[in-house]
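Close look at the chain arrangement
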Amino acid sequence: MKIGLLGTVGVPARYGGFETLAENLVRYHKRTGQRAELTVWCSGKDNTEHPGRFESAALRYVGLRANGVQSIPYDAISLWQAVRSEHNRILLLGVSGALALPLIRLISRAHILTNIDGIEWKREKWKGVARMMLRASEWAAVQFSHEVIADNQAIADHLRDTYGSGCHVIAYGGDHALHEAGEAEAPGGLPDRYALGLCRIEPENNVNVILEALEELGMPLVFVGNWDSSAYGRNLKARYGESPNLYLLNPIYEPAVLHAVRARASVYLHGHSAGGTNPSLVEMMHFGIPVLANGCAFNRHSTEGKARYFQSAFELADLLRSLDPADAAQIGSNMREIAQRKYTWDQIGKAYFDLLDRA
């Protein structure tokens, strides 16, 4: 069996959730002695170095970027190369290249498994033609993949209700976040304990709601994100950057430093309202601290309804005011129990490779 893993910037992970998934699938492949050949397609533009192998996987490069408008031809070319090189199992992460699947099905007998990610076309940032293309890509992924994977039960419900189609629900692991401790320390000048936010600075992540609530409370908040990458982020930084209790940090890419920041948090605030099971949420659940999350269906499924939920700054502030130590300890304990039961890479890796074997 020859497996092609497509749709990411590449490995090792330096970018986002799919890259972390890809890296941990490679590590599981090596750790468990999988006999199938594994090749990961990588972006030649997004990676400055182009090694031929990572752990037990061969690496191949396409000279395009893996995200943005180039993601469509990037995935399509990767699919073509994979079937031309006789890979008979294709794991496609995301739907950018899914419009090429009808052709791939005509010229190849490879089994195609697609993780459709979140319900991308519903994200607020996509408008007009881009939204139409993403919706068409989701349809193509469902219709022309042999197996469809969702990372959250709410996405599975969407696929059933929209297309009458079943799928496999496989989430993400998060236990690697605990294993990244090192000698590094958190950035200087932070309080000993604080609420923590960590995400891309986008409207759908309700960053403004969290900042408004915490500024009103005067409670220390450390928020890590790409503040300078959008007008939304720059405006929030200008509005709240001088508040004495708010610490707005730029992205932290060093795992040991990020671990040090997470380890000092007393509560995690998760504003994501789109995208399925979010990696940063399941990673923080392993730290065993209380989670206060946006009340969307994705987050309720991920936390099995055992976190606390908000929709507005007023609701978040009220939750924080009323969170007593006993409740906080119980929520944190529940989060850790769920994470250890559902969100470890051994479980996720086994689910993926079992599905590839059955295909």
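Heads up: these notes are all about the structure in this document. (Residues numbered from 1 in each chain as written. Predicted model: local features only at pLDDT ≥ 70, side-chain atom pairs only at ≥ 80, totals over all residues. Heavy atoms only, no water.)

Summed over all chains, the structure comprises three aromatic pairs. Judged by centre distance (5.8 Å) and plane angle (80°), the ring pair of Trp139 and Phe144 falls under edge-to-face. Above the plane of the ring of Tyr240 lies Arg239, whose end atom (NZ or CZ) is 4.3 Å from the centre. Positioned above the aromatic ring of Tyr309, the side-chain terminus of Arg300 is 4.3 Å from the ring centre. (Phe/Tyr/Trp six-rings, centres within 6.5 Å; stacked < 30°, edge-to-face > 60°. Lys NZ or Arg CZ within 6 Å of the ring centre and 35° of its normal.)

The pairing of strand β12 (residues 265-270) with strand β13 (residues 291-294) spans three bridges and is parallel. Across the sheet, residue His270 finds its bridge partner in β13, namely Ala293. In this view, the connection linking β12 to its parallel neighbour β13 by way of helix α9 (residues 279-285) has right-handed handedness. Pairing geometry for β13 and strand β14 (residues 308-310), over three bridges, is parallel. Across the sheet, Asn294 pairs through a bridge with Phe310, a residue of β14. Regarding topology, helix α10 (residues 297-302) serves as the crossover connection from β13 to the parallel β14, and that connection is right-handed. (Pairing = 2+ DSSP bridges. Helix = DSSP H or I, 4+ residues; strand = E, 2+ residues; numbered from the N terminus. Right-handed = clockwise from strand over helix to strand, strands pointing away.)

Taken as a whole and assessed by the stated rule, the structure comprises 15 salt bridges. With a shortest N-O distance of 2.7 Å, Asp46 and Arg65 are connected by a salt bridge. Of this pair, Asp46 sits in the loop between β2 (37-43) and β3 (53-54) while Arg65 sits in the loop between β4 (57-62) and α2 (71-84), placing them 19 residues apart in sequence. Its relative accessible area of 29% is what places Asp46 among the partly exposed residues. The partner of Glu283 in a salt bridge is Arg262, with the nearest N and O atoms 2.5 Å apart. (Salt bridge = Lys/Arg side-chain N within 4 Å of Asp/Glu carboxyl O. Buried < 20%, exposed > 50% of the residue type's maximum accessible area, 1.4 Å probe, protein only.)

Attention now goes to the sheet that holds strand β7 (residues 147-150). Pairing within the open sheet is mixed, and its eight strands lie in the order β3-β4-β2-β1-β5-β6-β7-β8. The open sheet has two free edges, formed respectively by β3 and β8 (168-169), since each of these has just one partner strand. Bridge count for strand β1 (residues 2-6) against strand β5 (residues 89-93) is four bridges, and the pairing is parallel. Bridging from a neighbouring strand, Ile3 pairs with Arg89 of β5.

All right, on to the pairing of strand β9 (residues 194-198) then. For β9, the buried fraction is high: five of the five residues fall into the buried class. One ladder, built from three bridges, connects β9 with β12; its direction is parallel. Counted as the bridge partner of Leu196 is Tyr268 from β12. Pairing of β9 with strand β10 (residues 221-224) involves four bridges; the strand directions are parallel. What sits directly across from Ala195, in β10, is Leu221. With respect to chirality, the unit in which β9 leads through helix α6 (residues 207-217) into the neighbouring parallel β10 is right-handed.

As far as function goes, none of this settles anything; it's purely spatial.
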